[in-house]
Amino acid sequence: MRIFSKLSALALMLFTMSAYTQVNWDVYSPMNTGNNSLPSNRVRQIDIKGDTVIFGLVGGMAFYDGNQWEQMNTGYLSGTEVRDFQFASDGFLYVPTVWAGIYKINGSNYSFDKNYQVYSVSNDSIPSDRFTSVEEDAAGRLWFGHEATGISILDDTTWTHFNISNSGLLND
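Residues numbered from 1 in each chain as written. Predicted model: local features only at pLDDT ≥ 70, side-chain atom pairs only at ≥ 80, totals over all residues. Heavy atoms only, no water.

Q: I'm lost on the sheet that holds strand β8 (residues 86-87) in this one. Help?
A: In any sheet, the strands associate via hydrogen bonds between backbone groups, in a parallel or an antiparallel arrangement. Overall, antiparallel pairing links the 4 strands, which are arranged β8-β9-β10-β11 in an open sheet. The open sheet terminates on both sides in strands that have one partner only, identified here as β8 and β11 (116-119). Direction of pairing for strand β9 (residues 92-96) relative to strand β10 (residues 102-106): antiparallel, over a ladder of 5 bridges. If you follow Pro96 over to β10, its bridge partner there is Ile102. (Pairing = 2+ DSSP bridges. Helix = DSSP H or I, 4+ residues; strand = E, 2+ residues; numbered from the N terminus.)

Q: Sorry if this is basic, but what is going on with the environment of Asp137 here?
A: With respect to the secondary-structure elements, Asp137 resides in the loop between β12 (131-136) and β13 (142-146). Polar contacts involving the side chain of Asp137 include one to the side chain of Arg141, which spans 2.7 Å. (Polar contact = N/O pair within 3.5 Å; in protein donor to acceptor, adjacent residues only side chain to side chain.)

Q: Is there a simple way to think about the sheet that holds strand β5 (residues 52-57) in this case?
A: One open sheet accounts for 4 strands, arranged β4-β5-β6-β7; its pairing is antiparallel. The sheet is open, and its two edges are formed by β4 (43-49) and β7 (69-72), each paired on a single side. Between one strand axis and the next, the sheet turns by 20° as a mean value, whatever way the strands run. In this sheet, β7 lies alongside strand β6 (residues 60-64) in antiparallel orientation, the contact comprising 4 bridges. Across the sheet, residue Phe63 finds its bridge partner in β7, namely Glu70. (Axes fitted to C-alpha atoms, helices over the stretch in contact; angles between N-to-C directions.)

Q: Before we go on, may I ask you to explain the pattern of salt bridges in this structure?
A: In a structure, side chains of opposite charge can pair up when their charged atoms sit close to one another. A complete count under the given rule lists 5 salt bridges for this structure. Put simply, Glu81 and Arg83 hold a salt bridge, and the shortest N to O gap is 2.9 Å. With a closest N to O distance of 2.2 Å, Glu147 and Arg130 form a salt bridge. Remark: Arg130 occurs in the loop between β11 and β12 and Glu147 occurs in the loop between β13 and β14 (151-155); sequence separation between them is 17 residues. Given a relative accessible area of 24%, Glu147 falls into the partly exposed group. (Salt bridge = Lys/Arg side-chain N within 4 Å of Asp/Glu carboxyl O. Buried < 20%, exposed > 50% of the residue type's maximum accessible area, 1.4 Å probe, protein only.)

If you want it as structure tokens, here you go:
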């Protein structure tokens, strides 16, 4: 059984447990070299899609296929913090970032060859570019948590925003 563990300000560790309760640890950190190099030791989110483990990091995103790391290190996501992401029912990967809005990325292409759309204050009707979370509800709507400006819901192409002044939220 393989288990991934988030470790604050240390490294990501993968261990394999055998039937004899022997534990073998593989340590992935930015200090390693070659195929075992984790791009950042500040892991915020982990998800598994098929055979690929996807990581939201301070500094972008990374993917691990069991043998090799690939970092999404093109300009559009490197340098920002990814605390959450959601593979949505529409086939896209939604990546809210702390500093750069929301990225809607073709979820079937993990190399992220610029096939993406950005929702930001400068090009859409969202109140902030600082996001912390995302979840999809049963109706396919995406709920995004903001850092200090409430909640935004994306229903296909329509945004709805809630904050303390227009809803029952206790705090933005």
